Amino acid sequence: HRELRAWRGAGETPRCVTVAADNRACVWNARTGLFQRTIDLGGRSIVALDEASRTLYAVSDGRSVEGTPAIAFPLDGGSPTPLWDRIDRVSAILPLSSGRLAVGLRDGQVYFWSPDSGREISVRSSGRPHWRAITAMAYHAPSDRLYTADAGGLIAAWSLSSEAAPIERLSGGE
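So, here's what we can say about the structure. (Residues numbered from 1 in each chain as written. Predicted model: local features only at pLDDT ≥ 70, side-chain atom pairs only at ≥ 80, totals over all residues. Heavy atoms only, no water.)

**So, the sheet that holds strand β4 (residues 35-40)**
Part 1: With antiparallel pairing, the four strands of this open sheet are ordered in space as β1-β2-β3-β4. Only two strands of the sheet have a single partner each, and these edge strands are β1 (5-8) and β4. For this sheet, the mean inter-axis angle between neighbouring strands, taken without regard to orientation, is 15°.
Part 2: Examined bridge by bridge, β1 and strand β2 (residues 15-19) share four bridges and lie antiparallel to one another. Pairing of Trp7 across the sheet is with Val17, part of β2. (Pairing = 2+ DSSP bridges. Helix = DSSP H or I, 4+ residues; strand = E, 2+ residues; numbered from the N terminus. Axes fitted to C-alpha atoms, helices over the stretch in contact; angles between N-to-C directions.)

This is the structure:
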């Protein structure tokens, strides 16, 4: 498959999820390797797996899609849940242990979105380290830090447990 991305989930019935350029997610039994189901992402190309809730999140990168631009798909079946209606130029998403999603945009902004409340918490633009597309995000639970990287090579750490300016630059980028 061209542009294949894959995740392996843990749990009682571990699953593997693959997403290829055809914009369909395939769910596999990680123990047996048997195919379980296909999820049509409907043109939503920014994808992340939340192992804890067994949910696949799929978001539009700013292109028009049918229906809501952000959807949560339960891996075990059931109806997808619409998340937000605004079409952002999303470049990365990451589920956090708090149940929120970290959302990175093509203009370098990062915000946090809560699927439970539908509320978003924006990061102040005056404390923003990124001015290029967010290309990667990782969460480190013991330190409660979100790490973000942009297209220019800048890496920043965000303290999620502090209300103060949450940014520390770890590399300079271009």
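This is not the end of the story, as more comes after the structure.
**Some thoughts on the pattern of salt bridges**
Part 1: The tally for this structure, following the rule as stated, stands at five salt bridges.
Part 2: Here Asp76 and Arg15 are joined by a salt bridge, their closest N and O atoms 3.0 Å apart. You can see Asp76 sitting in the loop between β7 (70-74) and β8 (81-82) and its partner Arg15 sitting in strand β2, a full 61 residues away along the chain.
Part 3: Classification of Arg15 by relative accessible area gives buried; the value is 12%.
Part 4: Among the charged side chains, a network of salt bridges with common partners joins Arg15, Arg54 and Asp76. (Salt bridge = Lys/Arg side-chain N within 4 Å of Asp/Glu carboxyl O. Buried < 20%, exposed > 50% of the residue type's maximum accessible area, 1.4 Å probe, protein only.)

**What to know about the packing of aromatic side chains**
Part 1: One pass over the structure, following the stated rule, counts three aromatic pairs.
Part 2: On the numbers, 6.5 Å between centres and 65° between planes, the contact of Trp84 with Tyr111 is edge-to-face. Here Trp84, found in the loop between β8 and β9 (90-95), pairs with Tyr111, found in strand β11 (residues 110-113); they are 27 residues apart in sequence, far enough to count as distant.
Part 3: Accessibility expressed as a relative area gives 7% for Trp84, which makes it buried.
Part 4: When its relative accessible area of 4% is taken as the criterion, Tyr111 is described as buried.
Part 5: Here a set of aromatic residues connected by ring pairs shows up, and it is made of Trp84, Tyr111 and Trp113.
Part 6: The ring of Phe112 has Arg100 sitting right over it, with the charged end atom 5.3 Å from the ring centre. (Phe/Tyr/Trp six-rings, centres within 6.5 Å; stacked < 30°, edge-to-face > 60°. Lys NZ or Arg CZ within 6 Å of the ring centre and 35° of its normal.)

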